[in-house]
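Listed here are the chains, written in short residue letters.
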Amino acid sequence: MKKVAVFASGTGSNAKNIIEHFNGRNSSIAKVELVVCNKENAGVLQHAANAGVESVVITKQQLNDELFMLELMQKHQIDFIVLAGFLLLIPKFLAEKYHRNIINIHPALLPKYGGKGMYGSFVHQAVWENREKETGITIHFVNEKYDEGDIIFQAKAAIENNDTPTIIAKKVQQLEHQYFVSEIEKLLIKK
Ligand code: GAR
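## Some details on the overall build of the chain
- A count of helices and strands for the chain gives 7 helices and 7 strands.
- Secondary structure elements of the chain occur, N-terminal to C-terminal, as β-α-β-α-β-α-α-β-α-β-α-β-β-α.
- Relative to the 2.2 N^0.38 estimate, which gives 16 Å for 191 residues, the radius of gyration of the chain is 16 Å and therefore close to what a compact globule would have.
- The buried share among the 191 residues of the chain stands at 47%.
- Restricting the contact set of the chain to residue pairs at least 6 apart, pairs at least 24 apart contribute 66%.
- As presented, the chain carries roughly 10,000 Å² of accessible surface, and 48% of it is formed by carbon and sulfur atoms.
- Separation of charge centres in the chain, based on 22 positive and 21 negative side chains, amounts to 3 Å.

## Side note on the site of the ligand
- Around the ligand, a shell composed of 13 residues is seen, among which Gly12, Ser13, Asn14, Gly120 and Glu176 lie nearest.
- Within the side chain of Asn14, an N or O atom sits 2.9 Å from an oxygen atom of the ligand.
- In this structure, Glu176 approaches the ligand through a side-chain N or O atom, which is 2.4 Å from an oxygen atom.
- Within the complex, the protein chains bury 87% of what would otherwise be the 460 Å² of accessible surface of the ligand.
- Among the secondary structure elements, those contributing two or more residues to the shell around the ligand are helix H1 (13-22) and strand E5 (102-106).
- When the residues that make up the shell around the ligand are grouped by side-chain class, the tally is 4 nonpolar, 8 polar and 1 charged.

## What to know about the pattern of salt bridges
- Using the criterion set out here, one finds 7 salt bridges in the structure.
- Close ionic contact of Arg100 with Asp150 constitutes a salt bridge, the shortest N to O distance being 2.2 Å. Of this pair, Arg100 sits in the loop between helix H5 (92-97) and E5 while Asp150 sits in the loop between strand E6 (134-141) and strand E7 (151-158), and the two are 50 residues apart along the sequence.
- Notably, a salt bridge pairs Glu183 with Lys186, separated by 2.9 Å at the nearest N-O pair. With Glu183 and Lys186 both in helix H7 (residues 165-190), this residue pair falls 3 residues apart, about one helical turn.

## What about the nonpolar core?
- Among the nonpolar cores identified, the biggest contains 34 residues, and Val6, Ile18, Val82, Ile103, Phe180 and Ile184 are the most heavily contacted of them.
- With 7 residues, H7 is the largest single contributor of residues to this core.
- When near neighbours in sequence (up to four residues on either side) are disregarded, Ile103 contacts Phe80, Ile81, Val82, Leu83, Ile139, His140, Phe141, Val142, Ile152, Phe180, Ile184 and Leu187.
- Among the nonpolar cores identified, the runner-up in size contains 22 residues, and Leu34, Met73, Tyr98 and Val142 belong to it.

## Digging into the pairing of E5
- Taking burial as the measure, the 5 residues of E5 include 5 buried ones, the bulk of the element.
- Burial along E5 is two-sided: Ile102, Asn104 and His106 and Ile103 and Ile105, pointing in opposite directions, are all buried.
- Pairing of strand E4 (residues 80-83) with E5, which is carried by 3 bridges, proceeds in the parallel orientation. Note on E5: the bridge partner recorded for Ile81 is Ile102.
- Following the chain from E4 across H5 to the adjacent parallel E5, one finds a crossover that is right-handed.
- Two elements, E5 and E6, share 4 bridges in a ladder whose sense is antiparallel. Counted as the bridge partner of Asn104 is His140 from E6.

Parameters and conventions
Residues numbered from 1 in each chain as written. Predicted model: local features only at pLDDT ≥ 70, side-chain atom pairs only at ≥ 80, totals over all residues. Heavy atoms only, no water. Helix = DSSP H or I, 4+ residues; strand = E, 2+ residues; numbered from the N terminus. Rg over C-alpha atoms; globule rule 2.2 N^0.38 Å. Buried < 20%, exposed > 50% of the residue type's maximum accessible area, 1.4 Å probe, protein only. Contact = heavy atoms within 4.5 Å. Areas by Shrake-Rupley, 256 points an atom, 1.4 Å probe, with all protein chains shown as cover. Lys, Arg positive; Asp, Glu negative; His and termini not counted. Charge placed at Lys NZ, Arg CZ, Asp CG, Glu CD. Near = heavy atom within 4 Å. Polar contact = N/O pair within 3.5 Å; in protein donor to acceptor, adjacent residues only side chain to side chain. Nonpolar A, V, L, I, M, F, W, Y, C, P; charged D, E, K, R; others polar. Salt bridge = Lys/Arg side-chain N within 4 Å of Asp/Glu carboxyl O. Core = buried A, V, L, I, M, F, W, Y, C linked by side-chain atoms within 4.5 Å. Pairing = 2+ DSSP bridges. Right-handed = clockwise from strand over helix to strand, strands pointing away.

Written out as structure tokens, the structure reads:
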């Protein structure tokens, strides 16, 4: 069974789904052992607490401290890291240590609308401003550059003429909730 750490900075709807799927069913494939968050009041912390999953709030400085982070991962014997709305850049040492064992979900069809500053509502706003006809989700391996690791999975949603950024965000979130957990499971089964 793989021990998973979920890194999240926000509401945590994806983290909640992942925890419920694996921990809630006593999955033989994976268990979320730790939630790592960089914001003290993030909703994800409540989801972790409700499910009895340990969480830790870290600073940007701690994230970039090799000894600190590798000890944290070691302490919980983490095999696999899932970024679910984690907004800080993953340092090179962590990306290398977890090569092909660290994935991210991005709320657009990469390579479009990726990179620094492209997260959450900023992505949907940009997609809307450019009058894109479609958007979607990308699940990809993480390297030390924002949103540039190899793509594992994409799913698309059509954008109608009168869709607002809010509607676009909802369509994307629906895809995330439909596919993220099963794609994680598929990956972990192969490991
Ligand atoms: C998700 O839409 C995820 O794709 C996005 O943050 C949201 C987190 O939602 N991630 C990025 O924008 C990364 N660049 P959640 O907290 O409800 O899971």
